[in-house]
Amino acid sequence: MNFMQNPPAQHTSEMLLGSDAIAYGVKLCRPEVIAAYPITPQTHIIETLSSMVDSGEMPSEYIKVESEMSAIAACFGSVAAGSRSFTATSSHGLALMHEMLHWFAASRFPLVMVNANRALGAPWNIWTDQSDSLAQRDTGWLQIYCETAQEALDTILLSYWLTERIMLPVMVMIDGFILSHTMEQLFVPEQDLADRFLPAYQAPYHLDTENPLSFGAAATPDNFYNLRKALAKTMKNVPKEIEEGAERFSRLFHRRYANLEGYRLEGAEVVIVSSGALTGTVRIAVDRLRDAGKKVGLVKLRLFRPFPREELLEMVQGVPDVLAFSRAVSYGAGGTLAQELRASLYHLESRPRIFDVIISLGGKEVFPETVIDVVQGMGGLSPVNSNWF
Amino acid sequence: MLWNVTTVEYLNSGHLGCPGCGASLSMRHALKALGEKTVVVIPACCWSIIAGPFPTTALSVPLLHVPFATAAACASGVRRALITKGHQDVQVMVWAGDGGTFDIGFQALSGAADRNEDFIYVCYDNEAYMNTGVQQSSATPCGAWTTTTPGGKDFAYQKKDLIGIVLGHHPAYIATATVSFPEDFYLKFEKARKAHGFTFLHLLAACPPGWKIDSQDSLKVTRLAVDSGVFPLIELNESGELQQTYRPDSPIPVKTYLQSQKRFKDLSDEDIELIQAQAEEKNKKYLPA
């Protein structure tokens, strides 16, 4: 029996690891400089890119740096000099980059970085959760969480288009192992199609001896405030820019990604909000619950920064109960996702109850049955405190 | 010998260096030696301030300010980007203090040196964290007063041999210099400019407030550092050995150097003898000029 589907025009069909899907996506975007440091479970991405550069398939400069801090710093230098650049990391590596994440976004330099979501120690744990990237939510980066490897490949293209338009860096998340180390059938676009979508990067400002500029010089409090205000204003416009990118993308590639995706929301009395590959599991659970007559729906949160508040409002308006499935916790406050949802909906006169469900950390397995149990046991959940299992 | 120094200035007036700042004077002459096709990368250090506040700049070459630990990595990225654009004629120069080189930026420096990245790494060493108000770094010499070594830096520590460490990375060129010996200084920047691969220049730069000297004495004091053998002027020669480029006809005792600065005022005679012995031992390692 052949499970493979026929690819759309100007695509090839391949069975690929999620990590390879990323590498193919990156290659299609023709980055001039790649800088990376290995960390599980990001390694396959940079190994595949190394092979592509080594074989001459990709004419990029590849800097094999000595730490993640230097990976992002090298990208900062290459982007400052006007080159499209790429890096990928995970977990502790992302944490090590923290200082530079602020510096990058506030310098208004474009970059696409993939983060393979993984827990942070101690104790050592290489499995997926979102503590690493959600802890970086205040750094001025866009954050996009992917459900499938195809979505991840496509998101690389979309993200380069976006980052060079808004001059803010984009972090693209895939779940460590669950997406990075599993294979699926992928439709890989032909280079010509990618080139039509994504023109070469023309830096509006860069290190240029013909036009010498200084970047990052100390600013007075007033100047600093205004620069940050401008960053916040750009962030606010991002959902609109993404819409335009998605429209352009769908015309060429015949696929479309929304910032939020509603699934079986009609008449829903309970809506689960989830992000990343966990969403695939929740979809199955929602189908089964619907089959059993339960009015349950799903909102997949693809864009986390900026938080798509307006779109969320439309989807949960009139829904009595929302289950926020968090895979990261702000200890002493609660699940990160629940906090974001509550903050976004607080101004409504009639708002849903938000149940904070710490569904998984450090790769703790979530099966469709786990989700079904949570929904069926909702009577026992606290709408105030975090719900652990 | 005769040599030409451009009359063009790449460090403009209005910069924020203290009077007598060795780091500012060093930048002025470094850029004259390297010319206008130079990109400067500066991590946190005095020069983060000296270069002037947004939206001004004291340099007439492009300048990238970067976080403390990242200068050598950022410069690697700049260089690789210039390669992809075919701009190999543009020099990339890191301009870092001793804290950003000996301490927090050390790992990135080692990484870039190991990869033999084609840029010039300049450490202007004023021997403490001067921009934050004179705290000790691993470049602070033993016996020196700083705000975190109020009784003088412990003699259990000798100043880190950074030249030796960078030499272990097989650089294309390496040298020490100080702007009080301008001919030597210019020739070394010229060699660094022509070298292909990683080059490292260690500059001794006087800091009048941090060294507790008069601002008019900053050149005099760094001359004493060289003439006493505390800061030998050396370079990597074509045989791959460290060689002195200048040797004083009659070396002066280190005591003269130490007594020129109030940061060393609490040294005992035994301390001074020890520093004298250390300086003599260090100088034995280098081929004579």
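In this numbering scheme, every chain counts its residues from 1 along its sequence in written order. Here every chain gets a letter starting at A, and every ligand a number starting at 1, in the order they are written. In view of the model being predicted, local features appear only for residues whose pLDDT reaches at least 70, and side-chain atom pairs are presented and counted only at 80 or more, with totals across whole chains, interfaces and linings using the full set of residues.

A few points about the domain arrangement of chain A
Size of an interface: often given as the accessible area lost when the parts come together.
All names here are of chain A.
Inference 1: Under the domain assignment used here, chain A contains domain 1 (11–253) and domain 2 (263–380).
Inference 2: Relative placement of domain 1 and domain 2: their C-alpha centres are 27 Å apart.
Inference 3: Under the scheme used here, helices are H or I runs from DSSP no shorter than 4 residues and strands are E runs no shorter than 2 residues, and both carry numbers assigned from the N terminus. Looking at which element gives the most residues to the side of domain 1 that touches domain 2, the answer is helix 9 (residues 221–253), with 5 residues.
Inference 4: Of the residues in the side of domain 1 that touches domain 2, the class split is 14 nonpolar, 6 polar and 5 charged. All domain edges in this entry derive from an automatic or database-based domain assignment. Only Asp, Glu, Lys and Arg are considered charged in this grouping, and only Ala, Val, Leu, Ile, Met, Phe, Trp, Tyr, Cys and Pro are considered nonpolar; every other residue, Gly among them, is considered polar.

Topic: helix 2 (residues 43–54) of chain A
For an α-helix, 3.6 residues make a turn, and residues three or four places apart therefore share a direction.
All names here are of chain A.
Inference 1: With 12 residues, helix 2 extends 16 Å between its outermost C-alpha atoms, agreeing within 8% with the 16 Å of an ideal straight helix rising 1.5 Å per residue.
Inference 2: In this scheme every C-beta is placed from the backbone, and a residue whose C-beta has 20 or more other C-beta atoms within 10 Å is buried, one with 12 or fewer is exposed, and one in between is partly exposed. Taken as a whole, helix 2 has its buried residues at H44, I45, I46, T48 and L49.
Inference 3: It is the C-beta atoms, placed from the backbone, that decide contacts: two residues are in contact if theirs lie within 7 Å. Structurally, helix 2 contributes buried residues whose contacts are with strand 1 (11–17), helix 1 (18–28), strand 2 (33–36), strand 4 (85–89) and strand 5 (112–117).
Inference 4: Where helix 2 ends, the next residue or the one after it, G56, has phi of about 90°, a positive value. By definition here, a helix of n residues has an expected span of 1.5 Å times n minus one.

A short note on the sheet that holds strand 10 (residues 260–263) of chain A
All names here are of chain A.
Inference 1: The strand order across the open sheet built from 5 strands is 10-12-11-14-17, with neighbouring strands paired in mixed fashion. Two strands bound the open sheet, and with one partner strand each, they are strand 10 and strand 17 (353–358). In this sheet, adjacent strand axes meet at a mean angle of 20° when their direction is disregarded.
Inference 2: Pairing between strand 11 (residues 270–274) and strand 12 (residues 296–301): 5 bridges, direction parallel. When the bridges of strand 12 are listed, V271 appears paired with G297.
Inference 3: Axis definition: a line fit to C-alpha positions, over the contact stretch in the case of helices; interaxial angles, taken between N-to-C directions, run 0 to 180 degrees. Against the sheet, helix 11 (residues 309–316) touches strand 10, strand 11, strand 12 and strand 14 (321–326), its axis set at about 10° to strand 10. Two strands form a pair only when DSSP identifies at least two bridges running between them.

Examining the confidence of the model for chain B
Inference 1: Scored by pLDDT, chain B comes out at a mean of 96, with 99% of its residues at no less than 70.
Inference 2: Reported for the predicted complex are a pTM of 0.97 and an ipTM of 0.97. pLDDT measures the predictor's confidence residue by residue and takes values from 0 up to 100.

A word on the packing of helix 7 (residues 149–166) of chain A against helix 9 of chain A
Residues and elements named next belong to chain A.
Inference 1: Taken N-terminus to C-terminus, the directions of helix 7 and helix 9 make an angle of 135°; their axes are 10 Å apart at the nearest point. With respect to each other, helix 7 and helix 9 are oriented oblique. Where helix 7 crosses over helix 9, the handedness of that crossing is right-handed. On helix 9, the residues that touch D154, L158, W161, L162, R165 and I166 of helix 7 are T234, V238, E241, I242, G245, F249 and F253.
Inference 2: In the contact of helix 7 with helix 9, the residues fall into 8 nonpolar, 2 polar and 3 charged. Note that the term roughly parallel is reserved for angles under 35 degrees, roughly antiparallel for angles over 145, roughly perpendicular for angles of 65 to 115, and oblique for everything else. In this scheme the handedness of a crossing depends on how the near helix is turned from the far one: anticlockwise by less than a right angle means left-handed, clockwise means right-handed.

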